[in-house]
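What follows is each chain in one-letter form.
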Amino acid sequence: MPTNKRRFEVIILGCSGGPISGKTCSFLLKPADVETVDIIQSDEDNGCLLALDAGSGLSNILDILDSKDKCTSFQLSNASYLLDLYPVSDSDNGNNGDAYRISDYLNLENMLLRIPFQSADSKSLNKSNYQIADLLLNKINGYLITHSHLDHVCSLVINSPSFTKKKEVYGLESTIEPIRKDLFNNSIWPDLVSMGIISLNYLEHNQPSRMISPRYEVTAFRLSHGKLCQDNRRFISSAFLITDLKYDYSMLFFGDVESDLCSGIDYNLFVWGKIAPLIRDDKFNTIFIECSTVDKPGPLYGHLTPSNLIYELLNLRKSIVCLDNTSVSNLSYDDPYFQHLKVQPLRGLNVIIIHVKETTDNVNPRTLILEEVEILNKTHHLQINFSIGLSGISLLL
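Presented here is a report on the structure given in the accompanying data block. (Residues numbered from 1 in each chain as written. Predicted model: local features only at pLDDT ≥ 70, side-chain atom pairs only at ≥ 80, totals over all residues. Heavy atoms only, no water.)

**As for the overall build of the protein**
In terms of regular secondary structure, the protein is built from 13 helices and 14 strands. Based on the C-alpha atoms only, the size of the protein along its principal axes is roughly 60 × 50 × 45 Å. Taken over 397 residues, the protein has a buried fraction of 58%. Here the contacts in the protein between residues at least 6 apart in sequence split such that 71% fall between residues at least 24 apart. With an accessible surface of roughly 16,200 Å², the protein has 50% of that area assigned to carbon and sulfur atoms. (Helix = DSSP H or I, 4+ residues; strand = E, 2+ residues; numbered from the N terminus. Buried < 20%, exposed > 50% of the residue type's maximum accessible area, 1.4 Å probe, protein only. Contact = heavy atoms within 4.5 Å. Areas by Shrake-Rupley, 256 points an atom, 1.4 Å probe, with all protein chains shown as cover.)

Pasting the structure below:
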């Protein structure tokens, strides 16, 4: 059963699925035992700061730093920006406070909410927030890119004039080659690879790699992100299993993904099989995964809905149960054996939903998705801690 050991700090720069620009998927990962100010002031590259996708970057770091200076409590305008696009729900009881609204989307039973970059103070560092943001950008030791869609790579382009050293970019070949051929091609953008500003590096499917950072081991897994219309080929995204080598503790980060139920290929089931023993042995407690829309008729364009997400997590539960009892491997997913276990294997697991797509409806899609997911969570007795990722917050995991 997962417990919170607070090994990772994840700063959410952006996690929207669009169509509003500027808040799309980008996350910073660092060890929870290393302060931001120490990363900034270090003269060495210690591999402590990684980027997970690059849909947004420098401007969001700056927004967070500016908001941090202005807030008297945990009331960050960056965190509530997308929430404020929608009317306040009745459950808010007329309370428009950001702290209250942010907490509605987070289950903090097994993780800790923190103000991002808390130790990076402009006065003590004697630098402007823009200078601090620029320093943080250039302290990123590597970018882990899940797939080549623009909402996951665009800050590699827009932020590149600020790069003061070569940026190492990592991904599966299916991710790296489109970036090389279709992005940095001297047409869409200058060839930063040939210029030595960006280095593109292959990760092999299901092969642990320690070349990214001395602190982290990363394993990439193939995912299905729908089919390409023109030739019916499958678009490949990826997930990253990230292990802190100091503590032998892991987390999982998904790019855009569809359910195996839709793809007909057991890509996700393979991933669940890999993390099942880590969850059983309490070496893992958090999954970042997309859930783009409420349940609705297709086409879903290679994305998850609440029902499909729960289907996948039922497969994860089954994978854990079957580690110790192979005789149950043929039971159906809703079999009472799984629901009535005294100790549920996924109890307390943090599942943080990202890539929610904005709508022009009068109800925040995050509210609807969380409601649908929680109903299914209760129905199947999963006991998972679901949260909705919000731009501008930091989580200790």
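**Some thoughts on the sheet that holds strand β1 (residues 8–14)**
Taken in spatial order, the eight strands of this open sheet run β4-β14-β1-β2-β3-β5-β6-β7, and their pairing is mixed. The open sheet has two edge strands, β4 (112–114) and β7 (198–203), and neither has a second partner. The sheet shows a mean angle of 25 degrees between the axes of neighbouring strands, taken without regard to direction. Summarising the sheet, β4 and strand β14 (residues 394–396) pair through three bridges and their orientation is antiparallel. Note that in β14 the partner of L113 across the bridge is L395. Contacting β6 (167–172) and β7, helix α8 (residues 173–183) crosses the sheet at an angle of about 155 degrees to β7. (Pairing = 2+ DSSP bridges. Axes fitted to C-alpha atoms, helices over the stretch in contact; angles between N-to-C directions.)

**Regarding the layout of surface pockets**
Taken as a whole, the second largest pocket spans an internal volume of roughly 210 Å³. Lining the second largest pocket are 13 residues, and of these G226, K227, L300, Y301 and G302 lie nearest its centre. Element by element, the count of residues in the lining of the second largest pocket is highest for strand β8 (residues 216–227), at three residues. When grouped by side-chain class, the residues that make up the lining of the second largest pocket number six nonpolar, five polar and two charged. (1 Å grid on protein atoms, 1.4 Å probe; cavity = no way out; pocket = protein on both sides within 12 Å on 5 of 7 lines; lining within 4 Å. Points joined across faces, edges and corners; volume = space filled by probe spheres on them. Nonpolar A, V, L, I, M, F, W, Y, C, P; charged D, E, K, R; others polar.)

**Looking at the pairing of β7**
Within β7, five of the six residues are buried, which leaves it mostly tucked inside the rest of the structure. Across six bridges, β6 lies against β7 in parallel orientation. Looking at β7, one finds that Y170 is bridged to N201. In this region the chain leaves β6, passes through α8 and returns to the parallel neighbour β7; the handedness of that crossover is right-handed. (Right-handed = clockwise from strand over helix to strand, strands pointing away.)

**What to know about the environment of S213**
With respect to the helices and strands, S213 occurs in the loop between β7 and β8. In sequence terms S213 and D244 are 31 residues apart; their C-alpha atoms lie 9.9 Å from each other. When residues no more than four places from it in sequence are discounted, the contact partners of S213 are G47 and L50.

**Notes on the pattern of salt bridges**
Going through the model one piece at a time under the given rule, you end up with 15 salt bridges. Between R215 and D244 there is a salt bridge, with the nearest N and O atoms lying 2.9 Å from each other. Separated by 29 residues along the polypeptide, R215 in the loop between β7 and β8 and D244 in strand β9 (residues 234–244) bring together distant segments of the chain. Per residue, the accessibility class of R215 equals that of D244, and both read buried. (Salt bridge = Lys/Arg side-chain N within 4 Å of Asp/Glu carboxyl O.)

**Some remarks on unusual backbone geometry**
With an omega of 5 degrees, the peptide bond between G18 and P19 qualifies as cis. Mapped onto the elements of the fold, P19 is located in the loop between β1 and β2 (26–31). In this structure, the amide linkage connecting G298 to the following residue, P299, adopts the cis form with an omega of 5 degrees. Here P299 is to be found in the loop between β11 (284–290) and α11 (306–324). Of note, the phi angle at N206 is positive, near 60 degrees, even though the residue is not glycine. By secondary structure assignment, the location of N206 is in the loop between β7 and β8. The backbone of D248 sits at a positive phi, close to 55 degrees, despite the residue not being glycine. Positionally, D248 belongs in the loop between β9 and β10 (249–254).

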